[in-house]
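Structural overview
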Amino acid sequence: MRSSSPLPKMSRRGRVTIAVLVGVFVLFTLLGWGVQAWTDWLWFDEVRYTEVFTGVLLTRLLLFLAIGLGMAVIVGGNLWLAHRLRPRLRPHSVEQAALERYRMVLSPRLGTWIALTAVVIGLFAGLSAQSRWNQWLLFRNGGDFGIKDPEFGVDIGFYVFQLPFWRYLLGVGFTAVVLALIGALAVHYLFGGVRLQGVGDRMTNAARAHLSSLVATFVLLKAVAYVLDRRAMLLEYNEGARLYGAGYADVNALLPAKEILAYISIVVAIAIIVFSNAWMRNLVWPGISLALLGVSAVAIGGIYPWAVQTFEVKPSLKDKEAPYIQRSIDATRAAFGLGATETTPYAANNLTPPANLATDTSVVSNVRLLDPQLVSETYTQLQQVRGFYDFGPKLDIDRYGVNGKVSDYVVGVREINYGELTDQQNTWINRHTVYTHGFGLVAAPANQVVCGGQPFFVSGFLGERTQEACSSQTEQIPAKQPRIYYGERMAPGDYAIVGQSDPNKKAEFDRPVGEGGGESYTYTGEGGVEIGSFARRLLYAIKEQETNFLLSEAVNEDSKLLYVRNPRDRVEKVAPFLTLDGDPYPAVVDGRVQWIVDGYTTAATYPYAERVNLQTETADELTNRGTFQLARENVNYMRNSVKATVDAYDGTVKLYEYDDTDPVLKAWNKAFGGDLVLPKADIPVELSEHLRYPADMFKVQRNLLTKFHVTNPGDFYSAQDFWQVPNVPDAPDSGQKQPPYYLFTQFPGQESPRFQLTSAVTPNGRQNLAALISGSYVDGKPRLEVLELPDQTRISGPVQVHQQMTNNANIRQQLNLLSSNQAQVHYGNLLSLPFADGMLYVEPVYVKSNQQDAYPLLQKVLLSYGDGGSFVALADNINDGIKQLVEQGKRAGQATPPPTTGGNPTTPTPTTPPPTGGDAPPLTGELATAAERVQTAITEVRAAQTSGDFERYGRALKALDEALTAFQQAQQAANPAGTPTPSGSPAPPSPTGSPGTGG
């Protein structure tokens, strides 16, 4: 009988067609990879970091080959072994007859099929493995932390460097064994080693030995997994304590259970081998052994820990979990650099503006009025000159020493914004060979405005200044090379072709001159990849899919290609192991504009440390508004270990070590030859003067400090003293967090003014002020400081202060005059400044016209001292506002008797005049009526505070303000000649607090 093939035979033409299609696909894939690799090599060669390119590439290739080959050998070897162990004689049955057709197809080319299967599996395994290059490099180069975990006494380096790769290898082992088991079982079944029908044994001895060995290997791997799980328990979430790390039930029940299960797994693996092959030679007892392992895992690893947690821990959870809560507190503070935080009590009990406010030179004189987010539009309109220049949606804050005085400046780089080119300008030639760079770093003092609210520009000028009073007549922050070829406004496709063979032929637009004219320029820097040869032009024509590289006369033998022009992207490519801060900033260093980028080393396997999501923790009002949003990376260790710089002219990248104690950075530096990161001692002095506490690091630390400032485990569990970051003061319903702000100022306990990043925090669920957190550098070391207010303080927080200042009747009237159908009021950063045992609040007020191309101008300054509502001023400038506050304080001191002892020292209570007797005569007539009206208004304000009704509170404040005005008028009428006011007269200050404040 003639047997027919079970599969139709493909024609020769069909096979050729498929082969050609596959060949074309492979060719273009390899071509794409080759072009990408070649151009990457040229780019890394330009920036002189080829060791990163070769190190990562070789590591990926090594892992691809090792894991891929290992997986292919294990799976393919087991498939081949299963075929070799097939029975020579198969009993006849319907089942075997049905399988015969498949055996006929596979048998002639079985080796090819096995090899193809192994190659495909190995390919996918290798592709997965090559993405683990970072884990392997840390595994190979990591050292010790010098800190041991509190449970096993193992160095933290094992968890950070070793454990992640061991767990990955274990996963590879499980995958290999499972795939080998499934494949071997399929081959045994196909060739008769395993049967489902017929008389006799369902499995041959050879097949049973083979498959049982694979099962035993799987169980042995499970034993290894239990051992690693014991270590990994220190990284798991503890539901009872709501912290990370092993808790009471884990340590006292689950930990020994894992050890017992590891031993049981070894016994079960041996039992499977013995019972399956050496003794009973059946699968009954091996099956029973596996079942016992499963039951043990549920009973010992599940039920027993659950019982301990439910019946022993929960009834006294606070006491049982206390030692483990302490472990989490200590580990978190160590992992995120919170251990050295200096906490200082700050009473803030002075509610009256002191006289020295008007003469202070450390805080008041340095108050920042320019908001980097709001004045960006102002910079763009006043300093762009051409529509294609741009400063971005947010500027930066830095400090400079000018004329012997260090102050903070709002700085921005005038960059090319290719999105603003007109249709006529936006051709390939113009975009990539003419409009190649921006010009100048524009700066203005942060505490000074001129010409009706404009910044006072002191640098970055394009030409002559026409408004002499509105800008400096000299470059106070001069840059020898002001041209900006690399900047934040550069997208991945914004490459530039520069360089000319003819020195007289200058094609690049440099800067505008006169009416509609402009100077031209030819790039002379060292940056860029040379593309003068035909091979290079062809290479980049393929990469960019642009024929002009070959056809345009703008590309000549001296041409260079500048690409990867965003400073953050540039550092990320050079140091792919770093997590980069979302806010790079420019600085003039030694006459050149340098971009400074903060780099973080992170880890996710620090025992007992709190795990946070970087994207969530760093998000606030400014996210994606001139800053980059961080990736959703979960970490429980973080260090600002690297300060990177990118030259804005030639793109030179330098990595400087800043935390010379960080083991993670040492491991990365060792992995790439040992000199990838320059030592901290090599940081130029002028550069060090511009380094600042990084914003994203500070946000993470600040958010953690809202809980982990509590170091007592009992208090931590009760969570009564936790804090929270307030919402944006002028838009609290938006749900966006108030960003921290840079200030050059001096806080209590500091010897001199510092450039520091500051944030206010409030008690959890309330709005009054709890603490001020600041981060700064002292002698090149990061320092976190906390000014902590008393628990029962009624000092207002940022949201309350803004509401109290803007709801003041007189101020509200003036603000209403500023805003109309033709203009809008915008509020700048609300600054919380500790001063003279009290709190000074400053909030700039900007007005922006609704006309086209209008920009915000600083028109007023809101100020408050004390509790936020007692002393409030709205002035044209900071000096006038301070004078108003001081005058209010003097009047309050004259009208209010010295406070008696007892009661709440932070709440001044105006007293009514004594009815009879004493030195003060009783009030009569209109003065008595006015005093009674003041007292009634005060009572209503306090009632509104208690009710939490903001609308009622606003009405009450307005009524109190009117009552105080009436009382002052009655005083003047009763004392026309300036007769001294009786000592018992009511005082003007209104009660402190606002709805929702705590006790």
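Details of the structure are given in the entry above.
First, a word on scope: everything that follows refers to the structure included in this document. Every chain begins its residue count from 1, and numbering advances along the sequence as written. Where local features are concerned, this predicted model is filtered to residues with pLDDT of at least 70; where side-chain atom pairs are given and counted, the filter is 80 or more; whole-chain, interface and lining totals use all residues. Only hydrogens and water are set aside when side-chain values are computed; all heavy atoms of the structure are taken into account.

Describing the overall build of the protein chain
For clarity, the threshold we go by: Helix and strand labels come from DSSP, where a helix needs a run of H or I of at least four residues and a strand needs a run of E of at least two; each type is numbered from the N terminus. It only takes one pair of heavy atoms within 4.5 Å for two residues to be counted as in contact.
Within the protein chain one finds 25 helices and 34 strands. Look at the contacts in the protein chain between residues 6 or more apart in sequence, and 68% of them connect residues 24 or more apart.

Section: the packing of aromatic side chains
Filter applied, for reference: Aromatic contacts are taken between Phe, Tyr and Trp rings whose centres are within 6.5 Å, Trp giving its six-membered ring; a plane angle under 30 degrees counts as stacked, one over 60 as edge-to-face, and the others as tilted. The buried label applies to any residue whose accessible area, calculated with a 1.4 Å probe on protein chains only, is under 20% of its type's maximum; exposed applies above 50%, and partly exposed to all values in between.
Taken as a whole, this structure holds 40 aromatic pairs when the rule is applied. Centre to centre, the rings of Trp136 and Phe139 are 5.8 Å apart; their planes meet at 25°, and the pair counts as stacked. On the criterion of helical spacing, the pair formed by Trp136 and Phe139 is a turn pair, its members being three residues apart in helix 5 (residues 133-141). Ring centres of Trp428 and Phe549 lie 6.0 Å apart, and the angle between their planes is 75°; on these two criteria the pair is classed as edge-to-face. In this pair, Trp428 sits in helix 12 (residues 428-434) while Phe549 sits in helix 14 (residues 548-551), placing the two residues 121 residues apart along the sequence. Taking relative accessible area as the criterion, Trp428 reaches 14% and is therefore assigned buried.

Overview of the environment of Ala207
With respect to the helices and strands, the residue Ala207 is situated in helix 7 (residues 205-232). For Ala207, a relative accessible area of 0% gives the class buried. Distance from Ala207 to His188, taken between C-alpha atoms, is 6.6 Å for residues 19 residues apart in sequence. Residues within four places of Ala207 in sequence aside, it is in contact with His188, Gly193 and Val194.

Structural notes on the sheet that holds strand 13 (residues 496-498)
Here is the rule we go by: By this definition, two strands are paired if DSSP reports at least two bridges between them.
Taken together, three strands build an open sheet; the order of strands is 13-17-16 and the sheet is antiparallel. Among the strands making up the open sheet, the edge pair consists of strand 13 and strand 16 (529-530). Two strands pair when backbone bridges link them, and strand 16 and strand 17 (residues 560-562) are joined in this way by two bridges, in the antiparallel orientation. Directly across from Val529, in strand 17, lies its bridge partner Leu561.

Overview of the side chain of Ser296
Within the element layout of this structure, Ser296 appears in helix 9 (residues 284-313). Setting aside residues no more than four positions away along its own chain, Ser296 makes contact with Leu261, Ile264 and Gly301.

Concerning unusual backbone geometry
Within the chain, Arg48 stands out as a residue other than glycine whose phi angle is a positive 65°. When you line up the elements, Arg48 lands in the loop between helix 1 (12-47) and helix 2 (50-84). Although it is not a glycine, Ala836 adopts a positive phi angle of roughly 50°. Mapped onto the elements, Ala836 comes out in the loop between strand 31 (831-835) and strand 32 (838-849). On the basis of relative accessible area, Ala836 is assigned to the partly exposed category, the value being 34%.

Section: helix 21 (residues 798-807)
Residues lying three or four places apart along an α-helix face the same way, a consequence of the helix completing one turn every 3.6 residues. Among the 10 residues that make up helix 21, nine are buried, leaving the element largely enclosed by the rest of the structure. Every buried residue of helix 21 is listed here: Pro798, Val799, Gln800, Val801, His802, Gln803, Gln804, Met805 and Thr806.

Considering the side chain of Thr579
Definition in use: Polar contacts, as counted here, are pairs of nitrogen or oxygen atoms within 3.5 Å of one another; within protein the pair requires one atom able to donate a hydrogen and one able to accept it, and residues that are adjacent in sequence qualify only if both atoms are side-chain atoms.
Looking at the element boundaries, Thr579 is found in strand 18 (residues 579-580). Residue Thr579 is classed as buried on the basis of its relative accessible area of 13%. Within the local environment of Thr579, its side chain forms a polar contact with the side chain of Glu633, the two groups lying 3.1 Å apart. When neighbours within four sequence positions are excluded, Thr579 is seen to be in contact with Asp598, Gly599, Tyr600, Thr602, Leu614 and Glu633.

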